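What the coordinates show
Next come the chains, spelled out residue by residue.
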Amino acid sequence: MNSLTKILLIVLFFNPFSFTQECSNLLRIISDSPEVDIFINDSLINSDGKIELELQDGQYVILVQETDDRWNSKSFCDTIILTGCETKIINYFFKNEVLIETVPADAYVFVKDSLIGFTPLKVPANLSELKIFKPGYVEKKIFLGDNSVQTIRLDFNGTPKNEAFVNTTLFKVLTGSAIVLGAVTAYFKLKADDKFDEYRFSGDKKFLDETNRYDTISGISLTLFQINFGYIIYRFLAE
């Protein structure tokens, strides 16, 4: 083996990567809003909503959040592993939202186990699965479609609520009869008073008998009125 060959072998032995091209991983993050902060492993990366970085192999925690200070500002958090000179592109959508509506409304909307609001509610379109829940109704899981309005009809599984007493036919009948009985009571009481006045002036027993008859009718109608009205009050208190 000549000297030149030995030198080449020694160089290759001590520099085994001399014949390979070194490379790094490429991470590209794209957001539909320029007003976001992008953190990688807790380090803020200045950007206008888009970055492109060369990174070594390893695990990276990505946090993308709106710079707006409002209470319902959005954020996304992902953990990725880069290896083997790969290129990874991640998109985050802050403005692309889907309106979630339910029948009936005011249902709870969950992402995994986190409550994010009540219907009707706009949610990010890149959420894959939502859980809809309302007491007395069957829980539903939905999968989102881009830019579509999701109207979910919830299936009732609770105890049907009875119709309010004030809306029933019985309430209308009782109210009408109470008015009639009150009028009858007042009418016959006035008739009895008139006959009693005539009896006082004339002394004729016939007027006294009529007074007693009208008083009896007035008393019966008054008793029926009190029963009627008492039942109405009872039903209201029972509800």
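Refer to the structure above for everything that follows.
Since this is a predicted model, take the numbers as computed values, not measurements. (Residues numbered from 1 in each chain as written. Predicted model: local features only at pLDDT ≥ 70, side-chain atom pairs only at ≥ 80, totals over all residues. Heavy atoms only, no water.)

**Focus: the sheet that holds strand 3 (residues 43-45)**
- The 4 strands are arranged 3-2-5-6 in an open sheet whose pairing can be described as antiparallel. In this open sheet, the two edge strands, each paired with only one partner strand, are strand 3 and strand 6 (75-82). Averaged over all pairs of adjacent strands, the angle between their axes in this sheet comes to 25°, without regard to strand direction.
- Where strand 5 (residues 58-66) and strand 6 come together, 8 bridges link them in antiparallel fashion. Each bridged residue has a counterpart across the sheet, and for Y60 the counterpart in strand 6 is I80. (Pairing = 2+ DSSP bridges. Helix = DSSP H or I, 4+ residues; strand = E, 2+ residues; numbered from the N terminus. Axes fitted to C-alpha atoms, helices over the stretch in contact; angles between N-to-C directions.)

**Notes on the nonpolar core**
- With 16 residues, the main nonpolar core has L27, I29, I62, V64, I80 and Y92 as its most contacted residues.
- Counting residues per element, the ones that place at least two in this core are strand 1 (25-31), strand 2 (36-40), strand 4 (50-55), strand 5, strand 6 and strand 7 (87-92).
- Within the second largest apolar cluster, 14 residues are counted, among which are V109, A125, L130 and L144. (Core = buried A, V, L, I, M, F, W, Y, C linked by side-chain atoms within 4.5 Å. Buried < 20%, exposed > 50% of the residue type's maximum accessible area, 1.4 Å probe, protein only.)

**Things to note about the sheet that holds strand 1**
- The strand order across the open sheet built from 3 strands is 4-1-7, with neighbouring strands paired in mixed fashion. One side of each edge strand has no neighbouring strand; the edge strands of this open sheet are strand 4 and strand 7. The sheet shows a mean angle of 15° between the axes of neighbouring strands, taken without regard to direction.
- Relative to strand 4, strand 1 runs antiparallel, the two sharing 6 bridges. What sits directly across from N25, in strand 4, is L55.

**Considering the side chain of T211**
- Looking at the element boundaries, T211 is found in helix 3 (residues 205-238).
- Given a relative accessible area of 4%, T211 falls into the buried group.
- The contacts of T211, once residues within four sequence positions are left out, are A192, K195 and F196. (Contact = heavy atoms within 4.5 Å.)

**What about the layout of surface pockets?**
- Reported here for the second largest pocket is a volume of approximately 300 Å³.
- Lining the second largest pocket are 12 residues, and of these V111, K112, L127, S128 and E129 sit closest to its centre.
- Among the secondary structure elements, those contributing two or more residues to the lining of the second largest pocket are strand 9 (108-111), strand 10 (114-118) and strand 12 (129-133).
- Top element by residues in the lining of the second largest pocket is strand 12. It accounts for 3 residues. (1 Å grid on protein atoms, 1.4 Å probe; cavity = no way out; pocket = protein on both sides within 12 Å on 5 of 7 lines; lining within 4 Å. Points joined across faces, edges and corners; volume = space filled by probe spheres on them.)

Shape is all these values report; function is a separate question.
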